[in-house]
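What follows is the residue order along each chain.
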Amino acid sequence: MQISFYRIREGASALLLILSVSLLLTSCTSRVYTPEIRSEFTAEAEYSFSGFKYKTKITVTPDTVIVELLTTAARGLIIKNDGKNITYAQGSMRKSFPVEKIDVTNPSRVIYDVFNDVVSLTPEIAGEQFVFKGECSAGRYILRLDRTGYAESLSLPQSDITINFLSY
């Protein structure tokens with residue numbers, strides 16, 4: 001029985017192809033896409049605290065959070081949190097306080113704390129949302145982001161706070 005050179009080459013080529021495909025398939029890994037959390041944005045939102053609701057304009061930058069009240073008798077009040085001080089401004093009135101002196105349920109404090117904490121967390125995937133669960137000065141929180149990294153909602157059940165982000 002004579003083995004031809006072409007049969008050996010065909011057999012070697014087939015074996016090499018099988019090994020290459022199996023190696024390729026075993027070296028594949030799946031990667032879960034996690035959106036970049038937006039470190040800068042402006043959004044209209046509804047802030048709810050113990051059943052009291054009002055609309056706000058929230059501006060987040062890497063260093064500050066600014067919350068402007070759009071409804072209620074406090075309309076036009078601007079609350080700015082730079083991580084060290086919280087400043088209240090309305091018209092010509094301006095007053096600053098150290099963050100530690102301000103209640104943990106203050107909207108600028110809640111948002112500042114959460115967005116600085118969430119960057120160290122790994123999200124769960126729930127349908128079309130990324131869900132981050134963590135803890136800040138106001139208690140445990142749940143932050144839900146859409147697939148593009150924009151916040152949809154933030155809730156702190158222990159403090160009875162819910163923020164629904166309405167539009168960007």
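Just above, that's the structure.
What counts, and where the lines are drawn
Residues numbered from 1 in each chain as written. Predicted model: local features only at pLDDT ≥ 70, side-chain atom pairs only at ≥ 80, totals over all residues. Heavy atoms only, no water. Phe/Tyr/Trp six-rings, centres within 6.5 Å; stacked < 30°, edge-to-face > 60°. Helix = DSSP H or I, 4+ residues; strand = E, 2+ residues; numbered from the N terminus. Buried < 20%, exposed > 50% of the residue type's maximum accessible area, 1.4 Å probe, protein only. Lys NZ or Arg CZ within 6 Å of the ring centre and 35° of its normal.

1. Observations concerning the packing of aromatic side chains
And step 1. Scanning all chains against the criterion turns up 8 aromatic pairs.
And step 2. For the pair Phe 41 and Tyr 168, a centre-to-centre distance of 5.6 Å together with 70° between the ring planes defines the contact as edge-to-face. Of this pair, Phe 41 sits in strand S1 (residues 41–49) while Tyr 168 sits in the segment after strand S11 (161–167), placing them 127 residues apart in sequence.
And step 3. Assessed through its relative accessible area of 42%, Tyr 168 is described here as partly exposed.
And step 4. Three or more aromatic residues link up through ring pairs in this structure, and these residues are Phe 41, Phe 115, Tyr 150, Phe 165 and Tyr 168.
And step 5. If you follow Arg 38 out to its NZ or CZ, it ends over the ring of Tyr 150, 4.3 Å from the centre.

2. Observations regarding helix H2 (residues 107–117)
And step 1. By the criterion of burial, H2 is predominantly enclosed, with 8 of the 11 residues buried.
And step 2. Every buried residue of H2 is accounted for by Pro 107, Ser 108, Arg 109, Val 110, Ile 111, Tyr 112, Val 114 and Phe 115.

Just geometry here; none of it tells us what the structure is for.
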